[in-house]
Amino acid sequence: MGGDATVNGPPRQHRLAEQHVGALCSGGGDVDTIAQLLAVERSWRLLQLRALLDIVGPDHDTGPLPPVGDAWDLLIEAERHDPAKVDDLLLHPQVGVWAGYTLRLLRGTAPSRAPFWVDLGYLHSLAAAAALCAGIDFRMIVPVRDGFVVLPTLGAVAVPEAERWDSTEMHGSAGHGAVGTPAGEVRVGGDGWQTMPSVRVQADGHTLVVRLDCLDPYRNLRAPTPPRALSEPELGHWRGLLTQAWELLVKTSPALALPMTRGLFSVVPQPPTERFRTMSASAGDAFGCMIMSEPRDATELAVTMVHEFQHIKLGALLHLAPLHTGEPARRLYAPWRDDPRPLGGLLQGVYAFAGITEFWRSASHRATDGAGTLAHFEFARWRRQVRTVLALLAQMPQLTEVGRRLVAGLTATADRWQTDSVPDQPLAAAHDAVADHRARWRLHHLRPPAEVVTAFTKCWNAGADRPDLTAVAPALEADPSAQGLDARAVLELWRLTDSAGFERLRADTAPIGTRVTGAAPADLALVAGDRETARRGYLHELSTDSDRPGAWAGLGLILADTRPGPAADALRDRPELVRAVHRAVRMCGGAADPVQLAAWIGSR
C-alpha cells in the first residue's frame, strides 16, 4: 500500500521529536504528540499486514472465500481512490487486534473455535468495507461468523439459517452495498442492518467522537466474540455518561482530555462490575480502543478513560522502543493490583496511575464539599503509591535507556505533587488505605523461611527472647486466591460518595463480603471510625481459625494509630512473619495473643 511505510518496500524508521518524547516520558503528550504516535501506528499496522501476507502466501487454503490476493487487491484499489478513508479504516483498533490474533494463530500460540479461514476472512470483510468507504464497484465473498457478517467500523447483519461458520456474497457500487442472506439482500445501513453506534460529545468547543463497539468480533482484545447490539436504554445510558464524563474531563483536566480527540476511537461496553472496581483494558495492538465495564457515574468513567488512554500512549511508545530487557528475579508489588506483577506490567501500571493521580490532583483544586474530599483522598492515595513504585523502578538494572528516561520523567512529575496540601482527614484515610493494601499483599504473597518461623516459634513457646537472626527476605509465592486487597479503600469510597449506602452496609454486615470483596464487618467499623469495635472484631477473627489477611492488616492500622510501637511496626513491616509464627504456635498447641506476639517479634 502507498504512503511513507509501504508493504512492499522498506519500512520507514520513525523518530519522535524531542518535545514529544519528553512529554510522553513525563506522563503527558498533546494532540500533536498523538498525531506522531498515529503515524507510528499506521506503519505498525502495515507491518502486521505484511507479516500476515508473508506467512499465508497466495496458495493458502481460504475455504469458501476467494484467495487472499483478491482481498488485498481490492484493499489497494480502495486506497488508490480514497487514501484518507482507507487509512482511517486501517487504524480501526480492531483491525490491529485481528492482525495480532491471526498472526498468533498462524504461529500456534493462540487457540480458535473457528476454522482458520473464518479468522483470515476478516481481511475480506476489511477490503469490502474499504471499497464501500471509497465508493468503488466490487463483489466479494465474506465470512459469516456466529451467524453474522461484520464489516469493520460499519456494522453487522444477521444471516438467518447460516451455519456457525459460513460465507456469503456482498457487492457495492458508489458507496452503497448489500449483503446476501437467505431472506434476500440487506442493504448496508438499511432495514435489518445493525449500524455501529457512535457518540459525539462536545465541551467548551472540544469534540470527542467515539464508536461504542458492540459488534466487531475482535472488540474484546483477545478471543473473537459474537456481536451483541446495545439496547436503546443501554445506548442512551452510555451516551449520557460519556457526555458528562467529557464535560468533566475538559473542565478539570484539559491536558489529559484534549489528546483523546485525536487518539480515542472506540469504547467497548461491558456489563457493570462490583462498585468502585471498574474493569477496563486496552492492548498494544488496538491503539485507540478501551474496553470497560459500565461505570456507575461520570467521574468513574472519566477516571477510567484517563487510565486506559495512558496505556494506549505507552503501548504506542513501546512500538518504537522497549522499556526493559529481561525480568527481575521475582515479580513485584503493584499497589493497584491483587497479584505480583512482571516489570513490564508494573511500568504500564505506574504510567496509567500517574495519569489518574494528575486527574485527581486537578479535581482536588476545583472540587468542593464531598467531591473535594473524594478528590483529596484519591490524590493522596495514588500520589503515595506512584511515588513508591517509581522509587522501586529506579533501582531496576533491566531498564533500557528509554525506560530509565520514562521513570525519571514520571519521578519529576511525582515530585511536583508532593508540595500539594491535603486536609488531615482524607490524608490520614489515604495513608491507611496504602498501608492496608501493602500489608494484605505481603500476607497473601510472601512466605518467611521455614527455619525462621521454627526458631521464633520455639523461642515463644519457651518464654525466651525473640531470636536474633540475620534478616532473611521472605519468598514470593503468589496466592492465586488473592482478591479484594483494596477493600479498605473501597469502603472509604462508599463512605465518601454514598453515606446512606455506607450506613446500610453497617446496618446489615452479614453480606459485606459479597458486596465488597475482601471486606469483613470489622473493616466497616474501622472505616467508620469505631476503632474499639474493629479491634474486638479483628481479635475475634484471629482467635478462631481465621487467618484473613485483612484482619492482620486492620489490627496493624489500629495499633499504629492507638499504640505506636513494636507491635504496630511488626504488623506494618513483617505481617507475614507474625501470622506464620502465630499459626505455628497454635499448631503446636500453644497460645499467642496476636498483639503480644507482634510486640515480641517487633521488639528488635
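Residues numbered from 1 in each chain as written. Predicted model: local features only at pLDDT ≥ 70, side-chain atom pairs only at ≥ 80, totals over all residues. Heavy atoms only, no water.

**Considering the overall build of the protein**
Helices and strands together make up the secondary structure of the protein, namely 25 helices and 14 strands. For 604 residues, the compact-globule estimate of 2.2 N^0.38 gives 25 Å, and the C-alpha radius of gyration of the protein, at 28 Å, lies within 12% of that figure. Accessible area for the protein stands at about 25,100 Å²; split by element, carbon and sulfur atoms hold 51% of it. When the 61 basic and 69 acidic side-chain charges of the protein are each reduced to a single mean position, those positions are 6 Å apart. (Helix = DSSP H or I, 4+ residues; strand = E, 2+ residues; numbered from the N terminus. Rg over C-alpha atoms; globule rule 2.2 N^0.38 Å. Areas by Shrake-Rupley, 256 points an atom, 1.4 Å probe, with all protein chains shown as cover. Lys, Arg positive; Asp, Glu negative; His and termini not counted. Charge placed at Lys NZ, Arg CZ, Asp CG, Glu CD.)

**Brief notes about a negative patch on the surface**
Residues D70, D73, E77 and D137 make up a contiguous surface patch of negative charge. With relative accessibility at 40%, the residue D70 sits in the partly exposed group. (Patch = residues over 30% accessible without salt bridge, like charges linked within 9 Å, V, L, I, M, F, W, Y side chains within 5 Å. Salt bridge = Lys/Arg side-chain N within 4 Å of Asp/Glu carboxyl O. Buried < 20%, exposed > 50% of the residue type's maximum accessible area, 1.4 Å probe, protein only.)

**Some words on the pattern of salt bridges**
By the definition in use, this model includes 34 salt bridges. A salt bridge links R405 to E18, with the nearest nitrogen and oxygen atoms 2.3 Å apart. With a gap of 387 residues between them, R405 in helix α14 (residues 401-417) and E18 in helix α1 (residues 18-25) connect regions that are remote in the sequence. Residue R405 is classed as partly exposed on the basis of its relative accessible area of 36%. Among the ionic pairs, R440 bridges to D436, the shortest N-O distance being 2.8 Å. Of this pair, R440 and D436 both sit in helix α15 (residues 424-445), separated by four residues, roughly a single helical turn. The two residues R440 and D436 agree in class, both being buried. It is possible to trace a salt-bridge network through shared partners that takes in D436, R440, D523, E541 and R548.

**Some points on the side chain of H444**
Relative to the elements of secondary structure, H444 occurs in helix α15. Assessed through its relative accessible area of 12%, H444 is described here as buried. A distance of 2.8 Å separates a polar atom in the side chain of H444 from a polar atom in the side chain of D479. Every residue in contact with H444, bar those within four places of it in the chain, is listed here: E477, D479, A482, L485 and P549. (Polar contact = N/O pair within 3.5 Å; in protein donor to acceptor, adjacent residues only side chain to side chain. Contact = heavy atoms within 4.5 Å.)

**With respect to helix α21 (residues 531-543)**
Two residues of an α-helix separated by three or four positions point the same way, owing to the 3.6 residues in each turn. Across its 13 residues, α21 extends 18 Å between first and last C-alpha, which sits within 8% of the 18 Å expected from 1.5 Å per residue. Lining the buried residues of α21 we find α20 (521-527), α22 (549-562), α24 (575-587) and α25 (594-601). (Expected span 1.5 Å × (residues − 1).)

**Side note on the nonpolar core**
In this structure, W246, L249, M260, M305, W336, W360 and L393 are the most contacted members of the largest nonpolar core, which totals 89 residues. Ignoring anything within four residues of it in the chain, the contact list for L393 reads L343, L346, L347, V350, L399 and V407. Counting 55 residues, the second largest nonpolar core, distinct from the first, contains I76, A78, Y122 and M140. (Core = buried A, V, L, I, M, F, W, Y, C linked by side-chain atoms within 4.5 Å.)

**What about the packing of aromatic side chains?**
Scanning the model with the defined rule gives 11 aromatic pairs in all. With 6.1 Å between their ring centres and 75° between their planes, F276 and W494 make a pair best called edge-to-face. Of this pair, F276 sits in the loop between β10 (266-270) and β11 (280-281) while W494 sits in helix α17 (residues 487-497), and the two are 218 residues apart along the sequence. Given a relative accessible area of 22%, F276 falls into the partly exposed group. Accessibility expressed as a relative area gives 5% for W494, which makes it buried. An angle of 85° between the planes, with centres 5.8 Å apart, marks the rings of F456 and W600 as edge-to-face. Of the two residues, F456 is situated in helix α16 (residues 450-461) and W600 in helix α25; the sequence distance between them amounts to 144 residues. Among the aromatic residues, those joined into a ring-pair cluster are W98, Y101, Y122 and Y218. (Phe/Tyr/Trp six-rings, centres within 6.5 Å; stacked < 30°, edge-to-face > 60°.)

**Regarding the confidence of the model for the protein**
Reading predicted coordinates in detail is not appropriate for stretches of low pLDDT. Per-residue confidence for the protein gives a mean pLDDT of 94, with 98% of residues at or over 70. Per-element averaging of pLDDT across the protein places helix α19 (residues 512-515) at the bottom with 92 and helix α10 (residues 260-263) at the top with 98. (pLDDT = per-residue confidence, 0-100.)

**Overview of the side chain of Q270**
In this fold, Q270 is placed in strand β10. For Q270, the side chain forms a polar contact with the side chain of N220, separated by 3.2 Å. Excluding its chain neighbours within four sequence positions, the residues that come into contact with Q270 are N220, W238, M279, I291, M292, S293 and E294.

**Thoughts on the pairing of strand β12 (residues 289-293)**
In terms of burial, β12 is largely enclosed, as five of its five residues are buried. Of the two faces of β12, the one holding C289, I291 and S293 and the one holding M290 and M292 are both buried throughout. Of the strand pairs in this sheet, β10 and β12 are connected by five bridges, and their pairing is parallel. Each bridged residue has a counterpart across the sheet, and for Q270 the counterpart in β12 is S293. With two bridges connecting them, β11 and β12 associate as antiparallel partners. Residue pairing in the sheet places A281 in a bridge with I291 of β12. (Pairing = 2+ DSSP bridges.)

**Some words on the packing of α17 against helix α18 (residues 499-507)**
Where α17 meets α18, the closest approach of the two axes is 5 Å, and the angle between their N-to-C directions is 125°. The angle between α17 and α18 places the two elements in the oblique class. Between α17 and α18, the contacting residues are L491, W494, R495 and T497 on the first element and S499, G501, F502 and L505 on the second. Here the contact of α17 with α18 is composed, by residue class, of four nonpolar, three polar and one charged. (Axes fitted to C-alpha atoms, helices over the stretch in contact; angles between N-to-C directions. Parallel < 35°, antiparallel > 145°, perpendicular 65-115°, else oblique. Nonpolar A, V, L, I, M, F, W, Y, C, P; charged D, E, K, R; others polar.)

**As for unusual backbone geometry**
In this structure, D146 takes a positive phi of about 55° despite not being glycine. Judged by relative accessible area, D146 falls into the buried class, the value being 17%. The phi torsion at F276 lies on the positive side, around 70°, for a residue other than glycine.

**Focus on the pairing of strand β4 (residues 165-173)**
Pairing analysis gives eight bridges linking strand β1 (residues 138-145) to β4, with the strands arranged antiparallel. By the bridge assignment, V142 is partnered in β4 with T168. Judged from the four bridges that link them, β4 and strand β5 (residues 176-179) form a sheet pairing that is antiparallel. Bridge pairing in β5 places S173 opposite H176. Connecting β4 to the next strand, β5, in antiparallel fashion are two residues, including A174 with a positive phi near 55°.

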